[in-house]
Amino acid sequence: MPDASDARTISRAIESLLTYGVESSLALPLDIAYIRNALLDAACLAAPEPGAAGDMAAGDALRVLTDRAVALGLCEDAPSPRERFASRLLGLMTPSPEAFRRRFEAIERDEGIRAACAWFGRICEANGYIDARAASRNVRYYAPSPYGALEITINVAKPEKDPRDIAALASEPVRADYPACMLCLENEGYAGRAGYPARHTLRALPLTLDGDPWRFQYSPYQYFEEHCIALDETHRPMRIDASTFRKLFDFLDRFPHYAIGSNADLPIVGGSVLNHNHFQGGRHAFPMEKAGALARFTHPMTPRVSACSLNWPMSAARLSSPDRNALAMLAEHIRAAWSRYSDPALGIHASTGATPHNTITPIARVGGAGYTLDLVLRNNRATDEHPLGIFHPHAGLHHIKKENIGLIEVMGMFILPGRLLGELKGLRSALTDGIGFKAREPGDPLAKHDEWIESLVRRYGSRMPEDAAEQALRAELARKCVNVLEDAGVFKLDAQGSAGFLRFLRAAGFERV
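As the structure is a prediction and not an experimental result, all values here were calculated from the model. (Residues numbered from 1 in each chain as written. Predicted model: local features only at pLDDT ≥ 70, side-chain atom pairs only at ≥ 80, totals over all residues. Heavy atoms only, no water.)

A.B. asks: I keep staring at the sheet that holds strand β1 (residues 139-143) and nothing clicks. Help me out?
C.D. replies: Spatially, the 3 strands line up as an open sheet ordered β1-β2-β15, and their pairing is mixed. With partners counted over all chains shown, the strands left at the sheet margins are β1 and β15 (413-417), one partner each. Within this sheet the neighbouring strands show an average axis-to-axis angle of 20 degrees, counted without direction. When strand β2 (residues 150-155) meets β15, the two strands line up parallel, connected through 5 bridges. Residue pairing in the sheet places I152 in a bridge with F414 of β15. Lying over the sheet, helix α14 (residues 466-488) contacts β1, β2 and β15, oriented at roughly 105 degrees with respect to β2. (Pairing = 2+ DSSP bridges. Helix = DSSP H or I, 4+ residues; strand = E, 2+ residues; numbered from the N terminus. Axes fitted to C-alpha atoms, helices over the stretch in contact; angles between N-to-C directions. Contact = heavy atoms within 4.5 Å.)

Structure below.
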């Protein structure tokens, strides 16, 4: 690695970043002198060395400049402070929010929205906001199920915390008020702190959805193609109401090549962020989109809207129409009807006192035949038997999935933690080592899987070839994911559940075709 104390080396690193900025379209040629001076200031160098060549790879240049910052005491030599300093350098090269907006809208006007979104994504990769190399290491496969293929991913892109970062967090003064959450507008350009990532390179574009100011940005963890977030400019809790459907359709009118949806707005059945209203979407066909119809219905209030229940483990109604206003009206009718609906025989209670339990997860798309809206019925009631939720993964599945079943899992794409890669390797050995099942000591990270692996050894034996064992584990993991969705469904796909779903639809005024 070049000597970070040498002024010529520092100048080479700066020139290399400038070269990278121009080649990646991150920086405009007119801005080069301005950016050079900003980088010199960040590196505490008064002037560049004459004739310094920009011949380093961008990653090496960032390391040189970050090493210098460490040597000068500008940042600590730990992963998070180093990442924040590197983010600061790349933020200096990224167009300002206003310049970014102008460039996006110019491309949208001249080449169309798909080209503008592709440019946005490339810039987010070029400035490091999206770590494409980390995302490419995620494991992804499709597995058959009774409801069609599910998409299983094991996410290694999101890094584990370093012990030094954890220690720093313990001594960091608590500032829970700024930014108020990870989705707030104030994150754009934020320098970060211990336990809170830098957002120098974040850019968010203004949107107007149902008359309200929102923003559009990409997720730094690209779980699927062009994984985006639309978020309210005002920090206010998640809320599903009539305006939600109009907002989803307004989004599609500008981004018709995306699917877009909202997490539910209640604990247990909502996503990990309930305190800031937002949607998620992207350029991806999710498994649920391919789900077939179980039964078809009409509603006299909106005869131009076609409706059906879906062959999907989570209870869902699909509405389709070229008339977005009629679609939004019927969707709000279903939401309101579900919010007050109870079916005690199936464990469904709309509320406990003043505490509501029923809500929905909506997902919208648009295509040649018009708009499509999937409404997934949710209920967050908990009992002593199921303290995390009746319609939530039950205890026997918590070794795989204990967290909320949010929008992305609802649509049939599972994002499982990176720790599973190592654990599955350990589990695979039980199917291949000829020894078979052995109970683990308490505290062993594999111990939580003991019941599962014992059943797999009984089923497959312990002398499988490596490849066959890997395929078996993938299939069995997918089966667990199916069970997760089935637990979360309020109306099970059996005779009793199907009859219950039909009762609700009739109570909401639907007639079977």
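A.B. asks: Where do I start with the side chain of Q222 in this structure?
C.D. replies: Tracing the backbone shows Q222 in the loop between β4 (212-218) and β5 (228-232). A residue is classified by how much of its surface remains accessible, and Q222, at 16% relative accessible area, is buried. Of note is the side chain of Q222, whose polar atom sits 2.9 Å from the backbone oxygen of H227. Here Q222 is in contact with I130, A135 and H227, once residues within four sequence places are set aside. (Buried < 20%, exposed > 50% of the residue type's maximum accessible area, 1.4 Å probe, protein only. Polar contact = N/O pair within 3.5 Å; in protein donor to acceptor, adjacent residues only side chain to side chain.)

A.B. asks: Honestly, the sheet that holds β4 in this entry has me stumped. Any pointers?
C.D. replies: Two modes of strand pairing occur in sheets, parallel and antiparallel, and in both the strands are linked by backbone hydrogen bonds. Taken together, 11 strands build an open sheet; the order of strands is β3-β4-β5-β7-β6-β13-β14-β10-β9-β8-β16 and the sheet is antiparallel. Of all the strands in the sheet, just β3 (205-209) and β16 (511-512) have a single pairing partner and so form its edges. Sitting on the sheet, helix α6 (residues 113-126) is in contact with β3 and β4, with an inclination near 60 degrees to β4.

A.B. asks: It is not clear to me how the layout of surface pockets should be interpreted in this structure. Could you clarify?
C.D. replies: Taken as a whole, the second largest pocket spans an internal volume of roughly 280 Å³. Lining the second largest pocket are 19 residues, with E125, Q222, F224, E225 and E226 sitting closest to its centre. Of all the elements in the fold, those that place two or more residues in the lining of the second largest pocket are α6 and α7 (132-136). Top element by residues in the lining of the second largest pocket is α6. It accounts for 5 residues. For the lining of the second largest pocket, the per-class residue count stands at 8 nonpolar, 4 polar and 7 charged. (1 Å grid on protein atoms, 1.4 Å probe; cavity = no way out; pocket = protein on both sides within 12 Å on 5 of 7 lines; lining within 4 Å. Points joined across faces, edges and corners; volume = space filled by probe spheres on them. Nonpolar A, V, L, I, M, F, W, Y, C, P; charged D, E, K, R; others polar.)

A.B. asks: Please clarify how the nonpolar core should be interpreted in this entry.
C.D. replies: Across soluble globular proteins, nonpolar side chains have a tendency to be buried as a group. In this structure, F216, F251, F491 and F504 are the most contacted members of the largest nonpolar core, which totals 91 residues. Residue contacts for F491: discarding those within four places in its chain leaves S315, W338, Y341, D343, L346, I348, L377, G497, G500, F501 and F504. V139, F286, I408 and L424 belong to the second-largest nonpolar core, a separate cluster that totals 51 residues. (Core = buried A, V, L, I, M, F, W, Y, C linked by side-chain atoms within 4.5 Å.)

Geometry only, nothing functional implied.
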